[in-house]
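Each chain, written out:
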Amino acid sequence: MLSEKMQEALNGQLNKEMYSAYLYMAMSAYSMYTGLKGFANWFMVQYQEEMMHAMKIYDYINNQGEQAKLAAIEQPATEFESPLDMFEKTLEHEKFITTSINELVDLAITEKDHATNIFLQWYVTEQIEEEGNDNEIIARLKLVGKDGNGLLMLDRELVARVFTPPAASGAGGA
Ligand code: FEO
């Protein structure tokens, strides 16, 4: 059972996760266009992660006997200044998502909605990992600076990132 307010908030989060997927897909396209296949791969894996985040909420709302409501997805940017610019915007966006998840948890606690509170704990943990990944890559991009060879080395490394589907990982993905 979900209150009207909680349904609305969860539907809002579903839309934010879909926008996240769209944003990282745009960054993947831009990376591919600028010749950085590794970065393109990293962002496409991130797109898959975000779709999984969205689908978990979609399934949760439906499993609670309610109807997931789909709203328009905002258009993401299509131009970025550099890989560092993309990752700084990614971190900024993830901080916004973390705040949004925290507000959902606050609402679940206020409403004594224990099921939703437990459901959201996975997202609380996931956001620590998401921000951590972004911080690490930002630090490395700052070390690389304008060194083209360093950037290509990092690009080769990011080619290796793979998406782990929730069923295979047993914990909702990496
Ligand atoms: Fe779904 Fe990147 O948080």
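The structure we're discussing is the one just above.
Residues numbered from 1 in each chain as written. Predicted model: local features only at pLDDT ≥ 70, side-chain atom pairs only at ≥ 80, totals over all residues. Heavy atoms only, no water.

(A) Looking closely at the packing of aromatic side chains. This model, assessed by the stated rule, comprises nine aromatic pairs. With centroids separated by 4.9 Å and ring planes inclined at 85 degrees, the aromatic side chains of W122 and Y123 adopt a geometry described as edge-to-face. Neither residue differs from the other here; W122 and Y123 are each classed as buried. Ring pairing ties together the aromatic residues Y24, F39, W42, F43 and F87, which thus form one cluster. (Phe/Tyr/Trp six-rings, centres within 6.5 Å; stacked < 30°, edge-to-face > 60°. Buried < 20%, exposed > 50% of the residue type's maximum accessible area, 1.4 Å probe, protein only.)

(B) The arrangement of empty space enclosed by the protein in detail. For the structure shown, the criterion picks out one cavity of 30 Å³ or more. Empty space within the largest cavity amounts to approximately 40 Å³. Considering the residues around the largest cavity, the lining is formed by W42, Q46, T90, E94, E130, N133, D134 and R161. Of all the elements in the fold, those that place two or more residues in the lining of the largest cavity are helix 2 (37-63), helix 3 (83-110) and helix 4 (114-144). For the lining of the largest cavity, the element with the highest residue contribution is helix 4, accounting for three residues. (1 Å grid on protein atoms, 1.4 Å probe; cavity = no way out; pocket = protein on both sides within 12 Å on 5 of 7 lines; lining within 4 Å. Points joined across faces, edges and corners; volume = space filled by probe spheres on them. Helix = DSSP H or I, 4+ residues; strand = E, 2+ residues; numbered from the N terminus.)

(C) Structural detail: the nonpolar core. Membership of the largest hydrophobic core comes to 20 residues, with the highest contact counts inside it found for M6, L10, I57, F119, L120 and Y123. The leading source of residues in this core is helix 3, at six residues. Those residues in contact with L120 that sit more than four places away from it in its chain are I101, L104, V105 and A108. Judged by nonpolar contacts, the second largest core, of 18 residues, contains L23, L36, F39 and L154. (Core = buried A, V, L, I, M, F, W, Y, C linked by side-chain atoms within 4.5 Å. Contact = heavy atoms within 4.5 Å.)

(D) Quick peek at the environment of L120. Mapped onto the secondary structure, L120 falls in helix 4. Sequence-wise, L120 and A9 are 111 residues apart; in three dimensions their C-alpha atoms are separated by 12 Å.

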